[in-house]
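Take a look at the letters that make up each chain.
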Amino acid sequence: MAEMLEIRWHGRGGQGAKTASLLMAEAAAAVGKYIQAFPEYGPERMGAPVASYNRISDEPITLHCSVENPQYVAVLDSTFVGSIDFTAGVPDNGVIVINTTETPEEMRPKLNLTNDTIRLFTVDANGISEDCIGRAIPNTPMIGALVKATGVLELEELLEDTKVKLEKKFRSKPEIIEGNLDAIRRAYEEVKGE
Amino acid sequence: MSEVKEMAAKQERQALTGNEAMALAMRQIEPDVVAAYPITPQTEIVQIFSTYVADGLVNTEYVPVESEHSAMSAVVGSAAAGARSMTATSANGLALMWEILYIASGTRLPIVMPVVNRALSGPINIHCDHSDTMGARDSGWIQIFSENAQEAYDNMFQAIRIAEHPDVLLPAMVTTDGFIISHGMEIVNTLDDKTIKDFLGTYKIPRNLLDVDNPITVGPLALQDFYFETKVAQADAMMKAKPVILEIAEEYEKLSGRKYSFFEEYRLDDADVAIVVLGSTAGTAKVVVDNLRKEGIKAGLLKLRVFRPFPYEELKEALKHVDVIGVLDRSDSFASLGGPVFSELRAAMYDMETRPLVTNYVYGLGGRDIDLHMIEQAYRELLEIKETGKVDQYVNYLGVRE
């Protein structure tokens with residue numbers, strides 16, 4: 001990794017955008033990267049739009065300002081289309097991954113995304129999490145999809161660290177751990193590019 | 001530096017938020033007493049610490065109280081009784097402790113308290129600025145600021161040693177920037193429990209209430225005849241904290257490999273223009289300095305770590321060669337001559353033979369983002385002042401809508 005990567009996560013309160021950025025950071029930290037993960041705090045409530053961020057680098061990170069030009073954007077809720085411009089600030093050759101049942105070709109005109117260098121990916125993270133975890137919590141499959149679309153981490157690195165983290169949190173619910181790991185794997189396989 | 005690294009203890013590389021790092025430091029300190037009021041504006045620090053108590057990881061008496069005023073009162077009592085005592089707070093919580101902050105320092109109790117810097121209401125705001133801690137700058141507490149989670153972690157242990165040093169015996173607050181550091185996850189290298197325990201030693205203050213063989217009076221009436229002397233003794237102790245801060249920083253460097261002092265100088269040696277700033281903004285400013293240096297501009301930075309005691313002699317020495325200084329304050333004094341860092345630094349430089357020109361930027365109130373462009377703008381204005389030789393305006397508001 002030549003330079004610092006910045007990621008922006010969009011979600012609604014309760015979908016796990018903050019947790020996604022924390023898990024992403026921890027997985028990158030586990031393979032020796034320098035990381036930051038920070039949510040954008042406001043008057044959060046279930047369903048309200050929230051954002052969360054990552055910085056990932058091989059060198060120590062001293063920046064403590066907000067992320068303006070994220071190379072990668074993960075959108076946990078496609079109902080933002082038309083109300084929140086989640087393409088804002090994304091530079092040339094950026095990547096946007098959206099949780100939707102639609103294809104990238106169907107999504108692109110809806111986003112008014114005219115910059116052809118920005119690559120668009122879609123994945124049905126709600127469907128995957130309902131199948132694997134039993135609830136529409138799209139954050140872990142979205143990490144899998146983002147990792148596939150960007151190559152920012154290896155899948156095995158991500159699975160290994162996420163397992164460790166979830167084992168701490170869900171000691172008494174092993175089915176949740178396996179479900180999340182399956183969801184990451186499936187999203188990694190099923191994410192579609194243009 | 002390589003020698004220091006060889007001497008340094010083995011460390012664990014962890015991804016932690018600032019709050020987690022400070023709570024972990026508290027677990028390793030394992031104070032005898034922690035008192036806290038568990039609701040906003042309290043921090044996650046004591047919430048995490050309470051889980052350590054519940055899980056039996058620490059042998060600490062945890063006292064849930066009904067307000068921040070009571071939290072500080074409870075630790076004043078336990079510290080006077082001879083117990084290593086801590087609490088934590090933020091913003092309006094610190095404001096509610098006000099009365100007791102002075103009693104803690106006036107009673108010479110070495111209480112250590114993490115403070116997550118957040119704006120004071122109103123209007124209601126929960127984001128970062130330094131108004132809370134700056135309001136307490138004359139309360140007789142040592143004040144140590146942290147740039148990131150690593151420094152917050154490291155500063156906690158050093159604060160315990162500084163506060164409890166027999167030449168000092170003063171309370172100390174260790175601050176981090178609210179949300180930016182407190183809720184942001186970063187890499188923190190942590191020391192093992194035994195290394196920390198050995199560094200801290202056993203808590204011992206010269207006199208305590210429970211030492212029945214040597215009875216003392218705590219919190220007596222001291223009117224016109226003695227009050228003044230106790231205040232001068234406090235000022236004297238604060239001055240004596242200066243060599244202690246350096247001595248303990250050196251000792252800690254041997255364990256951690258990380259160097260601390262009153263402030264950090266970043267590319268300052270040959271700087272023509274420099275910014276002086278506290279806290280997390282220093283990290284962002286370092287990137288601006290590097291960018292400007294690539295253009296051939298001699299930009300530098302001084303990150304102030306210790307605000308009380310204010311290291312004015314050392315600051316003068318470090319900044320004397322700089323042509324123009326911009327002081328960034330994350331709090332305002334409302335029509336005073338600039339923010340607190342600016343007015344104190346500028347006053348300190350008054351008797352220098354050749355004085356740098358100095359201007360003030362008040363920024364980031366209520367968590368307003370301070371980005372690379374804003375800091376670069378400030379440096380460009382310092383370069384203009386260097387050209388014209390004239391400071392037109394003492395106080396500038398950086399990043400505010402006109």
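Residues numbered from 1 in each chain as written. Chains lettered and ligands numbered in written order. Predicted model: local features only at pLDDT ≥ 70, side-chain atom pairs only at ≥ 80, totals over all residues. Heavy atoms only, no water.

(A) Spatial organisation of helix α12 (residues 312–319) of chain B. All names here are of chain B. Among all positions in α12, only L315, K316, A318 and L319 are buried. Relative to the axis of α12, the buried residues are bounded by an arc of 170 degrees and lie together on one face. Against the buried residues of α12 lie β10 (263–266), β11 (273–278), β12 (299–304), β14 (324–329) and α13 (340–348). (Buried < 20%, exposed > 50% of the residue type's maximum accessible area, 1.4 Å probe, protein only. Helix = DSSP H or I, 4+ residues; strand = E, 2+ residues; numbered from the N terminus. Arc of directions from axis to C-beta. Contact = heavy atoms within 4.5 Å.)

(B) Spatial organisation of helix α14 (residues 372–388) of chain B. Residue and element names in this part refer to chain B. The end-to-end C-alpha distance of α14 is 25 Å, a good match for the 24 Å that 17 residues give at a rise of 1.5 Å each. Taken as a whole, α14 has its buried residues at M374, I375, A378, Y379, L382 and I385. End-on view of α14: buried residues confined to an arc of 145 degrees, all on one side of the axis. For α14, the exposed residues lying more than 90 degrees away from the buried face are H373, E384, E387 and T388. Residues of α14 that are buried in the fold lie against β11, α11 (281–294), β12, β14, β15 (357–363) and β16 (395–398). For α14, the N-terminal cap is D371; the gap from its side-chain oxygen to the backbone nitrogen of H373 is 3.1 Å. After α14 finishes, the residue G389 shows a positive phi value of roughly 70 degrees. (Expected span 1.5 Å × (residues − 1). Polar contact = N/O pair within 3.5 Å; in protein donor to acceptor, adjacent residues only side chain to side chain.)

(C) Expanded view of the interface of chain A and chain B. With 19 residues of chain A at the interface, the matching set in chain B holds 23 residues. For the pair chain A and chain B, the summed buried surface comes to about 1700 Å²; carbon and sulfur atoms form 58% of the total. Its largest share of buried area at the contact with chain B, chain A owes to Y41(A), T62(A) and H64(A), together 37% of the area lost on that side. At the junction of chain A with chain B, the criterion picks out zero salt bridges. The interface formed by chain A and chain B contains eleven residue pairs in polar contact (both at pLDDT 80 or more). Elements represented by at least two residues in the side of chain A that touches chain B include exactly α1 (17–30) and β2 (34–40) of chain A. A total of six residues in the side of chain A that touches chain B trace back to one element, the largest contributor, which is β2(A). When grouped by side-chain class, the residues that make up the side of chain A that touches chain B number eleven nonpolar, five polar and three charged. With two bridges connecting them, β2(A) and strand β9 (residues 185–191) of chain B associate as antiparallel partners. Residue pairing in the sheet places A37(A) in a bridge with M185(B) of β9(B). (Buried area = accessible area lost by both parts, 1.4 Å probe. Salt bridge = Lys/Arg side-chain N within 4 Å of Asp/Glu carboxyl O. Nonpolar A, V, L, I, M, F, W, Y, C, P; charged D, E, K, R; others polar. Pairing = 2+ DSSP bridges.)

Everything listed is a geometric property; what it means functionally is a separate question.
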